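# What the coordinates show
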Amino acid sequence: MSLDLAFDDAQQAIVDAMTQFCRDRCPDSVIKDSTGKFPERLWRELADLGVLALVTPEGEGGAMEMTAALEGLGAAVFPGPLVASFFATQFLGEGDRRAVSRGEAVVSVGAPPLMPWAPSAHLFLAIEDGRVWKGAPRGGIDPVDTLGGEPWGRVDLEPVENLGPAERGLPVYDTALAAYLAAAGRRLIEDTAEHARTRKQFGKAIGEFQAVAHPLADGFMRLAAAGTLARCAATRIDAGEADAGVTAAAARLSATRAAVEAAHTCHQLFGAIGITLEGPVFHVSRRIRQLASQPPGDRVARDTVLSGFGL
């Protein structure tokens, strides 16, 4: 049986709209300047476009539309707790869900005491022992600097409400993360390929050397496969298929590995300027590495894939 994973006209319009939005409102200079800060203005503008309401009863689209949006946003490494927000809206009550969807409330999702985006968060969801619970800070939040430039914090959370098993929202989480990482990785590969076309050594462009061209081609194919898996997972989520979580977990694992390997390859090909804050691609690779280690970790995804094979 064949499965058509191409975006329809409406979904492609979402990709195009997000690409144009990022080009107009958050070019690379804005992304670099947002290091260590929550992008409040951009976040509200994104919410006004209805993106954060996708995959909710109030939204005008499901998982496939979410994937389309994240392909556009991932290519621009749009900042903020995008994946966490989509996850949170699968658990929160109507009031909190609407606040997150409208950009009025920022959510932090993780495993306390170290929580992503905690200094800017209004809502805290902790994932522990396979369950999700809503928490409230018992005291202050100690800011923590991160490699990826996201503002994290250490916070002691008091349990407020048990929201149920995490597996209810993990398919959306894993699919969103996979779509974003695959797009960010492709952006990194494309930027590096352009550098390889113009950078010369021994009288020729370095892209003409097999040791440069082949790793880029391999990386692009792995990322394309991961992106395809993300679309497949989104299709199964929208169809309500029971094994959607297995496909989503596989997409996450595929995209995480492919994107991190792309970052490693591209750093090598750019040389020193690939790992400097002022360089042309470090803001992309640091975001990839940050998201690749985003809580919850990939252990649950691995267990989910293995269980799909009866292991």
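So, here is what we can say about the structure in this document.

Rules used throughout
Residues numbered from 1 in each chain as written. Predicted model: local features only at pLDDT ≥ 70, side-chain atom pairs only at ≥ 80, totals over all residues. Heavy atoms only, no water. Helix = DSSP H or I, 4+ residues; strand = E, 2+ residues; numbered from the N terminus. Rg over C-alpha atoms; globule rule 2.2 N^0.38 Å. Buried < 20%, exposed > 50% of the residue type's maximum accessible area, 1.4 Å probe, protein only. Contact = heavy atoms within 4.5 Å. Areas by Shrake-Rupley, 256 points an atom, 1.4 Å probe, with all protein chains shown as cover. Pairing = 2+ DSSP bridges. Polar contact = N/O pair within 3.5 Å; in protein donor to acceptor, adjacent residues only side chain to side chain.

### A word on the overall build of the protein
A tally of helices and strands in the protein yields eleven helices and nine strands. Expected size for 311 residues packed as a compact globule is a radius of gyration near 19 Å; at 19 Å, the protein falls within 12% of this value. With the C-alpha coordinates of the protein rotated into their principal frame, the extents come out at 65 × 50 × 40 Å. Taken across its 311 residues, the protein has 53% of its residues classed as buried. Of all intrachain contacts in the protein linking residues separated by at least 6 positions in sequence, the fraction that spans at least 24 positions is 70%. Surface exposure of the protein reaches about 14,000 Å², of which carbon and sulfur atoms provide 52%.

### Structural notes on the environment of Asp33
If you trace the backbone, Asp33 turns up in helix α2 (residues 28-33). A relative accessible area of 53% places Asp33 in the exposed class. Measuring from C-alpha to C-alpha, the distance between Asp33 and Gly274 comes to 18 Å, with 241 residues separating the pair along the chain.

### With respect to the pairing of strand β3 (residues 123-128)
The buried fraction of β3 amounts to five of the six residues, a majority that puts the element mostly inside the structure. In the sheet, strand β1 (residues 107-110) pairs with β3 via four bridges, with the strands oriented parallel. Paired with Val109 across the two strands is Leu125, which belongs to β3. In the sheet, β3 pairs with strand β4 (residues 131-137) via five bridges, with the strands oriented antiparallel. Within the sheet, the bridge partner assigned to Phe124 lies in β4 and is Gly135. The loop that links β3 with its antiparallel partner β4 comprises two residues; one of these, Asp129, has a positive phi angle of about 55°.

### Some details on the side chain of Lys134
Mapping Lys134 onto the fold places it in strand β4. Residue Lys134 is classed as buried on the basis of its relative accessible area of 19%. Reaching out from Lys134, the side chain makes a polar contact with the side chain of Asp96 at a distance of 2.6 Å. Beyond its immediate sequence surroundings of up to four residues, Lys134 is in contact with Asp96, Leu123, Phe124, Leu125, Glu158, Pro159, Val160, Glu161 and Leu163.

### Re the sheet that holds strand β6 (residues 152-154)
Pairing is antiparallel across the open sheet formed by three strands, whose spatial order is β2-β6-β5. Edge positions in the open sheet fall to β2 (114-115) and β5 (142-144), since each of these has one partner strand only. Across two bridges, β2 lies against β6 in antiparallel orientation. Residue Met115 lies in a different strand from β6, and its bridge partner there is Gly153.

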